[in-house]
Amino acid sequence: MSVQSHIAELERRHAALERELDEANQHPSTDGTTLRELKRQKLALKDEIVKLSADAKVLH
């Protein structure tokens, strides 16, 4: 898998987590632990996307 396709896949997963987080926020029964975990996963993906993007720029 190329770096660009890997970044694209991470961006798709990030967008999916964003939708899941939005849906969870709309349900009052969602607990804080679930929201924190979704936010943590989303941030971890974003960090990886930024790192891979920066690494890809260095290589070119």
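A brief report on the enclosed structure follows.

## Brief notes about the overall build of the protein
Okay, so step 1: Looking only at helices and strands, the protein has 2 helices and 0 strands in total.
Okay, so step 2: Against the compact-globule benchmark of 10 Å for 60 residues, the protein has a radius of gyration of 14 Å, which places it well outside the compact range.
Okay, so step 3: Its C-alpha atoms give the protein principal-axis dimensions of roughly 45 × 15 × 15 Å.
Okay, so step 4: Classification of the 60 residues of the protein by burial places 22% in the buried group.
Okay, so step 5: Long-range contacts, defined here as pairs at least 24 residues apart, represent 67% of the contacts in the protein between residues at least 6 apart.

## Remarks on the nonpolar core
Okay, so step 1: The biggest cluster of nonpolar side chains holds 10 residues, and these are I7, L10, L17, L21, A24, L35, L38, L45, I49 and L52.
Okay, so step 2: Secondary structure elements with two or more residues in this core: α1 (3-26) and α2 (32-59).
Okay, so step 3: Residues contacting L35, with those up to four places away along its chain left out, are L21, A24, N25 and T30.

Definitions and cut-offs
Residues numbered from 1 in each chain as written. Predicted model: local features only at pLDDT ≥ 70, side-chain atom pairs only at ≥ 80, totals over all residues. Heavy atoms only, no water. Helix = DSSP H or I, 4+ residues; strand = E, 2+ residues; numbered from the N terminus. Rg over C-alpha atoms; globule rule 2.2 N^0.38 Å. Buried < 20%, exposed > 50% of the residue type's maximum accessible area, 1.4 Å probe, protein only. Contact = heavy atoms within 4.5 Å. Core = buried A, V, L, I, M, F, W, Y, C linked by side-chain atoms within 4.5 Å.

So far we have only geometry, and geometry alone does not tell us how the molecule works.
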